[in-house]
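Secondary and tertiary structure notes
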Amino acid sequence: MTEALNVKNVTIGEGKPCICIPLTAATKEALIEEAGRCQQEGAEVVEWRADMFAEVEDHLVVEQVLKDLTAVLKGIPLIFTFRSHQEGGEKELSKADYVSLNQFVIETGLVDLVDVELYQGEETVHHLLSAAHQRNTYIIISNHDFQKTPPQAEIVQRLKQADELGGDVLKIAVMPKEIDDVLVLLSATNEMQKITTKPMITMSMGPLGVITRLSGQVFGSALTFGAGEKASAPGQIPVGEMRQVLDVLDKSTGA
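Summary of the structure given here. From a predicted model like this one, the values you see are computed outputs, not experimental measurements.

Considering the state of the cysteines
Where two cysteines share a covalent bond between their sulfur atoms, that bond is called a disulfide. In the structure shown here, the tally under the stated rule is 0 disulfides. Just so you know, Cys20 is unpaired, no disulfide at all, and the nearest cysteine sulfur is the one on Cys38, 8.4 Å from it. Judged by its relative accessible area of 0%, Cys20 is buried. Classification of Cys38 by relative accessible area gives buried; the value is 4%.

If you want it as C-alpha cells, here you go:
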C-alpha cells in the first residue's frame with residue numbers, strides 16, 4: 001500500500017491522481033501571470049520548469065521568482081524542476097551548476113518538492129536528498145526516455161533504483177512507438193506498486209500514451225501533468241478535460 005505524502009494541503013498517493021500544471025514561461029512577468037492562471041484553474045500542484053526560464057543561471061533572480069510564485073500560488077505545493085537537455089529540457093548545465101542551482105533552491109525553503117534526475121548519478125542524488133531532507137523538502141527522483149519504451153523489467157529496475165536511493169517520489173516517463181509500449185508502461189507501474197510504498201509518477205508520452213495520464217488511480221500513478229499555458233511534454237491534455245475524466249474514474253473505482 002502506498003504511503004501518501006502530505007504536502008501542504010495536498011495528499012499525493014491517495015485516491016485520484018493530483019493534477020500538476022507546469023509553468024513554462026521564459027520571463028519573470030510571464031511566469032507570475034501563468035501562476036495566477038494556475039491558481040484560478042484550481043491546480044492541486046504546480047511545477048516550475050526552470051530550464052525554460054531565460055535567467056535560470058542567476059540564483060538571485062531565481063530566488064525572487066520563487067518568492068513571487070509562492071505569494072501568487074497561495075499554498076499550492078510547488079515543484080522545482082530543471083530538466084536537463086538529455087532528458088528533454090531546454091537548457092544544459094554542467095554537473096556542478098546543476099547541483100549548485102538545485103541546492104540553492106532547496107536552501108531557500110521556498111519549494112515543496114525538487115525533481116532530481118536519476119542519471120545525474122548516485123553522488124548527486126544523495127547530496128541533494130540530504131540537503132532537501134534537512135529542509136523538510138521532498139525529492140522526486142525522475143527518469144525520462146524520449147526515444148523509446150524500455151522493456152518492463154528495465155522500467156521496474158529504474159524505479160527500484162530511485163526507491164533504493166531514497167527518493168520520496170519515483171518518476172519515469174517513456175516514449176511509446178506502438179500500443180504495446182503503452183501496455184508495458186502500465187504493467188511496469190502495476191508491478192512496481194507491489195514492490196514500493198512510495199508514491200509514483202509514471203507516464204507514456206505522446207498521443208499514444210494519453211491514457212496513462214488518466215488511469216493512474218487504477219494502475220498506481222499518483223500525479224499527472226495537465227497542459228496549462230503550454231505543454232511541458234508531449235501528450236499533456238488541457239486541465240479541464242483531464243479533471244472531468246479523473247472525476248469519472250474516481251467515481252467508478254470507488255463504486
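Next comes the rest of the description.
Some words on the pattern of salt bridges
Overall, the coordinates contain 9 salt bridges when judged by the stated rule. In this structure, Lys16 engages Asp247 in a salt bridge whose closest nitrogen and oxygen atoms are separated by 2.3 Å. Taken together, the residues span a long stretch of sequence, with Lys16 in the loop between β2 (10-12) and β3 (18-23) and Asp247 in helix α9 (residues 239-253) at a distance of 231 residues. On the basis of relative accessibility, which here comes to 30%, the residue Lys16 falls in the partly exposed class. Relative accessible area serves as the criterion here: at 27%, Asp247 is assigned to the partly exposed category. Residue Arg158 pairs with Glu154 through a salt bridge whose shortest N-O separation is 2.8 Å. On the criterion of helical spacing, the pair formed by Arg158 and Glu154 is a turn pair, its members being 4 residues apart in helix α5 (residues 152-165). It is possible to trace a salt-bridge network through shared partners that takes in Arg83, Asp115 and Glu117.

Rules and cut-offs
- Residues numbered from 1 in each chain as written.
- Predicted model: local features only at pLDDT ≥ 70, side-chain atom pairs only at ≥ 80, totals over all residues.
- Heavy atoms only, no water.
- Disulfide = S-S within 2.5 Å.
- Buried < 20%, exposed > 50% of the residue type's maximum accessible area, 1.4 Å probe, protein only.
- Salt bridge = Lys/Arg side-chain N within 4 Å of Asp/Glu carboxyl O.
- Helix = DSSP H or I, 4+ residues; strand = E, 2+ residues; numbered from the N terminus.

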